[in-house]
Amino acid sequence: MSTLVNNQNKEFSTNDIILEVQDLSFSYSRKQTLVLENVSVKFFRNNLTVIAGPNGSGKTTLMKHFNGLLLPQQGEVVVFNKQVTKKNRGEIQKLVGLVFENPEEQIFFPKVYEDVAFGPKNMRLSWEEIQDRVENALEEVQITHLKDKVTFNLSFGEKKKVAFAGILAMRPKLIIFDEPTIGIDPWTKPRMIETIRSFTRKRTVVVITHDVDVMKIADRILLMKQGKIKGDFSTYEDFQQQELLNI
Ligand SMILES: Nc1ncnc2c1ncn2[C@@H]1O[C@H](COP(=O)(O)OP(=O)(O)OP(=O)(O)O)[C@@H](O)[C@H]1O
Ligand SMILES: [Mg+2]
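Rules and cut-offs
- Residues numbered from 1 in each chain as written.
- Chains lettered and ligands numbered in written order.
- Predicted model: local features only at pLDDT ≥ 70, side-chain atom pairs only at ≥ 80, totals over all residues.
- Heavy atoms only, no water.
- Pairing = 2+ DSSP bridges.
- Helix = DSSP H or I, 4+ residues; strand = E, 2+ residues; numbered from the N terminus.
- Near = heavy atom within 4 Å.
- Polar contact = N/O pair within 3.5 Å; in protein donor to acceptor, adjacent residues only side chain to side chain.
- Areas by Shrake-Rupley, 256 points an atom, 1.4 Å probe, with all protein chains shown as cover.
- Nonpolar A, V, L, I, M, F, W, Y, C, P; charged D, E, K, R; others polar.
- Contact = heavy atoms within 4.5 Å.
- Buried < 20%, exposed > 50% of the residue type's maximum accessible area, 1.4 Å probe, protein only.
- Expected span 1.5 Å × (residues − 1).
- Core = buried A, V, L, I, M, F, W, Y, C linked by side-chain atoms within 4.5 Å.
- Salt bridge = Lys/Arg side-chain N within 4 Å of Asp/Glu carboxyl O.
- Phe/Tyr/Trp six-rings, centres within 6.5 Å; stacked < 30°, edge-to-face > 60°.

Description of the sheet that holds strand S7 (residues 82–83)
Strand order in the open sheet formed by 4 strands is S4-S3-S6-S7, with antiparallel pairing between adjacent strands. The sheet is open, and its two borders are formed by strand S4 (36–44) and S7, each paired with just one other strand. Of the strand pairs in this sheet, strand S3 (residues 17–26) and strand S6 (residues 74–79) are connected by 5 bridges, and their pairing is antiparallel. Bridged to glutamine 22 within S6 is glutamate 76.

Written out as structure tokens, the structure is:
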């Protein structure tokens, strides 16, 4: 039986909770103060949620907990009803894709096609399926023309698109983007935002960003400050109003 839960003025069934963070705390070292402090938050199916907040507030650290790249020191993270643990994070990484802010952290192969194909190859799919996924992903990010290029020589924005395509090719059910529009030119940015928005037809998306253009198309905006979720807004206007009051 599913019960109803409330997120601002919208109601969701508990079946719609695809990611739940409970009382999560984390620090990178014993001496350091907490980077995440008792964070509890739920994310809902087919939603586009933005996480915004000042530099160093813990946004990237939080996102790295969503697929087990970092493991909770206190509290828990449950994705698609599975608790994220050291043991099952391999399985969870097939469902949850992270696209990092810096593409250098995500590109490992000398050629674009090879790099985008790496994820699906690892999933032991058939050669036809791999080709289909790679071509689709390259098309979605509008970089089919780069497929035979050497990754090392690409511009920053092109590398970002290759890293994006590599995650898309794995077809995760939940995609987390860290600053996807930084370094993307104004000619391709609208299409990229449209692509991200269109994912919510079949998938769930979380975007860490300060980009107003992305915030405006989000279903929900979370505000993070000093390792805590300080606000939960349904519209950019609500977010802006609250933030202006606090300045
Ligand atoms: N690998 C690490 N080792 C030690 N401290 C770290 C590490 N990564 C991040 N931190 C620290 O944790 C805090 C939160 O960093 P995090 O990268 O999560 O912030 P952020 O909100 O993503 O910031 P930004 O908007 O600049 O990307 C910062 O004080 C940072 O210096
Ligand atoms: Mg960050």
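A few points about the site of ligand 1
Close contacts around ligand 1 come from Tyr28, Gln32, Val35, Pro54, Asn55, Gly56, Ser57, Gly58, Lys59, Thr60 and Thr61, and that covers them all. Between ligand 1 and the protein, one listed contact pairs an oxygen atom with a backbone N or O atom of glycine 56 at 2.8 Å. With respect to ligand 1, the side chain of lysine 59 contributes an N or O atom lying 2.8 Å from an oxygen atom. Relative to its free-state accessible area of 640 Å², ligand 1 is covered by the protein chains to the extent of 57%. Counted by class, the shell around ligand 1 contains 3 nonpolar, 7 polar and 1 charged residues.

Looking at the environment of valine 116
By secondary structure assignment, the location of valine 116 is in helix H3 (residues 112–122). Separated by 126 residues in the primary sequence, valine 116 and glutamine 242 place their C-alpha atoms 41 Å from one another. The contact partners of valine 116, leaving out residues within four places of it in the chain, are Val134, Ala137, Leu138, Val162, Ala165, Gly166 and Ala169.

A closer look at unusual backbone geometry
For asparagine 46, which is not glycine, the phi dihedral falls at a positive 60°. By the secondary structure assignment, asparagine 46 is in the loop between S4 and strand S5 (48–52).

Points about the side chain of threonine 204
Along the chain, the position of threonine 204 falls in strand S10 (residues 204–208). Assessed through its relative accessible area of 3%, threonine 204 is described here as buried. Once residues lying within four places of it in the same chain are set aside, the contact partners of threonine 204 are Ile18, Phe44, Arg45, Asn46, Asn47, Lys173, Leu174 and Ile175.

Concerning helix H5 (residues 156–168)
The end-to-end C-alpha distance of H5, which contains 13 residues, comes to 19 Å, matching closely the 18 Å that a straight helix rising 1.5 Å per residue would cover. Considering only its buried residues, H5 is in contact with strand S8 (96–99), H3, helix H4 (127–140), strand S9 (174–178) and helix H6 (189–199).

A short note on the nonpolar core
Ranked by size, the top nonpolar core spans 41 residues in total, and within it Val50, Val116 and Phe177 carry the most contacts. Broken down by element, this core gets its largest block of residues, 6 residues, from H5. Setting aside anything within four residues of it in sequence, one finds valine 50 in contact with Val207, Thr209, Val214, Met215, Ala218, Arg220, Ile221 and Leu222. Membership of the second largest hydrophobic core comes to 29 residues, among which are Ile18, Val41, Leu95 and Val96.

Focus on the pattern of salt bridges
Overall, the coordinates contain 12 salt bridges when judged by the stated rule. With its nearest N and O atoms 3.9 Å apart, the salt bridge here joins lysine 42 to glutamate 20. Of this pair, lysine 42 sits in strand S4 while glutamate 20 sits in strand S3, placing them 22 residues apart in sequence. Judged by its relative accessible area of 30%, lysine 42 falls in the partly exposed class. Aspartate 132 is paired through a salt bridge with arginine 171; the nearest N and O atoms lie 4.0 Å apart. You can see aspartate 132 sitting in helix H4 and its partner arginine 171 sitting in the loop between H5 and S9, a full 39 residues away along the chain. Residue classification places aspartate 132 among the partly exposed residues on the basis of a relative accessible area of 39%. Connected via shared salt-bridge partners are Glu129, Asp132, Arg133 and Arg171.

Details of the packing of aromatic side chains
Under the defined criterion, the tally for this structure stands at 8 aromatic pairs. Ring centres of phenylalanine 164 and phenylalanine 177 lie 4.9 Å apart, and the angle between their planes is 75°; this geometry places the pair in the edge-to-face category. Residue phenylalanine 164 is located in helix H5, and its partner phenylalanine 177 is located in strand S9; the two are separated by 13 residues in the primary sequence. Taking relative accessible area as the criterion, phenylalanine 164 reaches 3% and is therefore assigned buried. Between tyrosine 236 and phenylalanine 239, the ring centres sit 6.3 Å apart and the planes meet at 35°, which makes this aromatic pair tilted. Taken together, the positions of tyrosine 236 and phenylalanine 239, both in helix H8 (residues 236–246) and 3 residues apart, correspond to about one turn of that helix.

Just geometry here; none of it tells us what the structure is for.
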